[in-house]
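Observations on the three-dimensional arrangement
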Amino acid sequence: MNFFQQQELARRNSKYLLLLFIVAVIMIIGLSNLLIAATLWFFNQQAPLSLQQLFSTSQVLVVSLLMSGVIGCAIAYKWYQLRDGGRRLAESLGGQVLMPNTEQAEQRQILNVVEEMAIASGMPVPPVYLLKDELGINAFAAGHTPADAVIGITQGALEQLNRDQLQGVVAHEFSHILNGDMRLNMQLIALLSGIVFISNIGEFVLYSQRHRAYSRSSRRNNDGRVAALGLGLLVLGWLGVFFANMIKAAISRQREYLADASAVQFTRNPKGIADALKIIAGYEAGSGL
């Protein structure tokens with residue numbers, strides 16, 4: 001297997017899938033216009049609106065701008081929440097930074113392995129966080145850029161993997177740093193939050209309508225329109241989340257292929273990462289991370 005070809009294939013597939021994610025957002029905006037038009041048509045049977053009225057330029061423009069603004073604000077807010085670097089994430093998971101002067105042999109070994117892989121990949125040496133209470137075999141890279149990146153490793157990985165296998169796992173995580181997967185993941189999280197927010201709006205509208213049952217009978221028609229709109233937004237958000245999660249999972253798989261191929265490049269030892277993956281696959285303890 002040519003790992004350079006595998007890297008290029010994974011990068012190309014990731015670009016296509018990310019484009020699909022953006023197309024999904026655009027389709028949600030289009031379906032929102034269709035939802036508004038269907039709601040107006042259904043509740044105006046006595047004086048039916050023409051197709052031109054249902055899809056007037058001004059209405060389509062207002063709905064599109066409104067939905068774009070809502071999704072954009074939700075994405076921006078989530079991105080603001082993710083502004084802190086990898087240290088904050090590692091600490092929130094219960095990680096403890098390993099000091100260079102540690103006296104424990106397995107901790108010194110992982111620090112040496114991280115330093116070796118940093119040299120092999122041409123990147124600065126990131127801090128290493130140990131999740132002492134996690135007995136599963138796992139590791140992660142977190143941060144926005146190589147400058148604020150950290151490597152996380154579980155206690156189970158230190159205990160169950162030998163040095164070559166640890167090299168493969170750590171090299172895999174360095175690929176996520178080098179190839180921008182950490183930032184890509186945060187972008188996908190932000191995009192997904194914008195889609196999820198559409199369903200949140202639908203839930204809020206339906207919840208508010210249930211608490212307005214005592215309203216005057218003359219307002220029932222308007223209440224029906226609002227409830228139908230809320231239900232439509234809820235369904236639209238669910239559909240968006242479903243397909244967005246499928247795309248997100250597919251992107252993640254391609255980046256994992258890329259990381260595996262890059263691990264072979266950094267270590268020049270395909271057996272290390274391959275053996276580590278075999279052990280992880282058959283490890284009964286699983287992982288809570």
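Everything discussed here concerns the structure shown above.
Residues numbered from 1 in each chain as written. Predicted model: local features only at pLDDT ≥ 70, side-chain atom pairs only at ≥ 80, totals over all residues. Heavy atoms only, no water.

A few points about helix 10 (residues 270–282)
With 13 residues, helix 10 extends 19 Å between its outermost C-alpha atoms, agreeing within 8% with the 18 Å of an ideal straight helix rising 1.5 Å per residue. All buried positions along helix 10 are accounted for by G272, I273, D275 and A276. Seen from one end, helix 10 has its buried residues packed into an arc of 165°, which puts them on one side. Away from the buried face of helix 10 by more than 90 degrees, exposed residues K271, K278, A281 and G282 are located. (Helix = DSSP H or I, 4+ residues; strand = E, 2+ residues; numbered from the N terminus. Expected span 1.5 Å × (residues − 1). Buried < 20%, exposed > 50% of the residue type's maximum accessible area, 1.4 Å probe, protein only. Arc of directions from axis to C-beta.)

Notes on a nonpolar patch on the surface
Together, L231, V235, W238, L239, F242, F243 and M246 make up a nonpolar patch on the protein surface, roughly 720 Å² of accessible area in all. Along the chain, M246 turns up in helix 9 (residues 220–267). (Patch = residues over 30% accessible without salt bridge, like charges linked within 9 Å, V, L, I, M, F, W, Y side chains within 5 Å. Areas by Shrake-Rupley, 256 points an atom, 1.4 Å probe, with all protein chains shown as cover. Salt bridge = Lys/Arg side-chain N within 4 Å of Asp/Glu carboxyl O.)

Brief notes about the environment of Y207
Along the chain, the position of Y207 falls in helix 8 (residues 181–210). With 23 residues separating them along the chain, Y207 and G230 place their C-alpha atoms 9.1 Å apart.

A few points about the sheet that holds strand 4 (residues 150–154)
The sheet built from four strands is open, its strands ordered 1-2-4-3 with mixed pairing. Among the strands making up the open sheet, the edge pair consists of strand 1 (96–97) and strand 3 (139–142). Pairing of strand 3 with strand 4 involves four bridges; the strand directions are antiparallel. Looking at the pairing, A139 lines up with I153 of strand 4. Sitting on the sheet, helix 7 (residues 163–178) touches strand 3 and strand 4, and the angle it makes with strand 3 is about 25°. (Pairing = 2+ DSSP bridges. Contact = heavy atoms within 4.5 Å. Axes fitted to C-alpha atoms, helices over the stretch in contact; angles between N-to-C directions.)

Structural notes on the pattern of salt bridges
The tally for this structure, following the rule as stated, stands at two salt bridges. A salt bridge links E116 to R163; the shortest N-O distance between them is 2.6 Å. Pair noted here: E116 is in helix 5 (residues 105–121) and R163 is in helix 7, with a separation of 47 residues, a long-range link. Residue classification places E116 among the partly exposed positions, given a relative accessible area of 29%. A relative accessible area of 30% places R163 in the partly exposed class. For the salt bridge of K271 with D275, the shortest nitrogen-to-oxygen distance reads 3.2 Å. Remark: D275 and K271 occur in helix 10; sequence separation between them is four residues, near one turn of the helix. Residue classification places K271 among the exposed positions, given a relative accessible area of 54%.

Looking at the packing of helix 5 against helix 7
Here helix 5 crosses helix 7 at 50°, and the two axes come no closer than 9 Å. By the angle between their directions, the pair helix 5 and helix 7 is classed as oblique. Helix 5 and helix 7 meet at a crossing whose hand is right-handed. Between helix 5 and helix 7, the residues in contact are Q109, I110, N112, V113, V114, E116, M117, A118 and S121 and R163, L166, Q167, V170, A171, F174 and L178, respectively. Class assignment for the residues of the contact of helix 5 with helix 7 results in 10 nonpolar, four polar and two charged. (Parallel < 35°, antiparallel > 145°, perpendicular 65-115°, else oblique. Left-handed = near helix turned anticlockwise from the far one by under 90°. Nonpolar A, V, L, I, M, F, W, Y, C, P; charged D, E, K, R; others polar.)

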